[in-house]
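Close look at the chain arrangement
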Amino acid sequence: MEAMRDNSNVKSQVKQDAIIFIHGGAWRDPNNTFKDFEKLIKNINNELSSLSSLNNKIELYSLDYRLSPTVKHPCHLIDVINAINYIIKNINSNLKNLTLVGHSVGSTLAIQVLDYKKLLNYYNENIDELDISFIKNLVLLDGIYDIPKLLDEYPSYLSFINEAFEEKNFNTATQLSISNKDEKNVQIGMYFKFLKKIIIVQSENDELLSLNQTNFFVKWLNSIGIYKFEKILDDFGKHNDVYESDKLKDLIILNFYK
Ligand SMILES: N[C@@H](CC(=O)c1ccccc1NC=O)C(=O)O
């Protein structure tokens, strides 16, 4: 596991809040790494230092996970869970409130984390338990939430889906595609109800994803009885501009620092 911790303003180890960023890149693009969020983190810190009314009370982390084709699902998810556990247990044991920010398949991973036990039930993987109740907020940026429906819309994306998943495992990758299929999974999505904030961002100018994935996710939240979330449809630039945009910086400061 590799993780970046922003130390520029760490004065003590008593911070209880953290934001954990999870990058995208179709599970495979070596150009998407934890450094995707470097500029955003810098911009957040610059703004905080100029606004003396806001103290820097949140620790910021950005994660890496192993990529495909070296590994397949559910290894990406397992790496993310282990990384979050590592932060909670070994880096700052005072942390209590986590916000997960995911971009693209980082959003896929962020939602998978909330039901990781059920999703990993399809595999024989032993991992240390993660206490999901630490996760209080989700910020999802131009995410992929339902892989079968993604393939209906974009058959060519099978090229990277096939690298990331063994055979048809993508059918059980997220809550959205299993909940239609498997009636035993009535409890799926339960943890979303305990979240304080769910913010779903989609750029109108994303050239790789239409609004469909975001709309499927919103529909699914409604189907499990969740109506309390914020859906933000705006111009955040192209797919890979979203995580560097000033609008995202403003949104994070407004929602988590004020
Ligand atoms: N550059 C990527 C493509 C990619 O990242 C992507 C393409 C379409 C929809 C979502 C994508 N990324 C999500 O993490 C690749 O190597 O396939």
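The chain carries the name Kynurenine formamidase in an unreviewed UniProt entry, which gives Pachysolen tannophilus NRRL Y-2460 as its organism. Per UniProt, the chain has the following entry under Pathway (unreviewed entry): "Amino-acid degradation; L-tryptophan degradation via kynurenine pathway; L-kynurenine from L-tryptophan: step 2/2." Here is the UniProt Function (unreviewed entry) comment for the chain, exactly as written: "Catalyzes the hydrolysis of N-formyl-L-kynurenine to L-kynurenine, the second step in the kynurenine pathway of tryptophan degradation. Kynurenine may be further oxidized to nicotinic acid, NAD(H) and NADP(H). Required for elimination of toxic metabolites."

With that settled, the discussion passes to the overall build of the chain. Counting secondary structure elements, the chain contains 9 helices and 7 strands. Computed over the C-alpha atoms, the radius of gyration of the chain is 17 Å, within 12% of the 18 Å expected from 2.2 N^0.38 for a compact globule of 258 residues. Each of the three principal axes of the chain carries a C-alpha extent, and together these read 50 × 40 × 40 Å. Within the chain, buried positions represent 38% of all 258 residues. A separation of at least 24 residues holds for 81% of the contacts in the chain among residues at least 6 apart in sequence.

Further remarks concern the site of the ligand. Around the ligand, a shell composed of Gly24, Gly25, Ala26, Arg28, Asp29, Ser104, Val105, Tyr157, Phe160, Leu208 and Leu209 is seen. Class assignment for the residues of the shell around the ligand results in 6 nonpolar, 3 polar and 2 charged.

Rules and cut-offs
- Residues numbered from 1 in each chain as written.
- Predicted model: local features only at pLDDT ≥ 70, side-chain atom pairs only at ≥ 80, totals over all residues.
- UniProt positions renumbered as here; feature names shortened; annotations may be inferred.
- Helix = DSSP H or I, 4+ residues; strand = E, 2+ residues; numbered from the N terminus.
- Rg over C-alpha atoms; globule rule 2.2 N^0.38 Å.
- Buried ≥ 20, exposed ≤ 12 C-beta atoms within 10 Å, placed from the backbone.
- Contact = placed C-beta atoms within 7 Å.
- Near = placed C-beta within 6 Å.
- Nonpolar A, V, L, I, M, F, W, Y, C, P; charged D, E, K, R; others polar.

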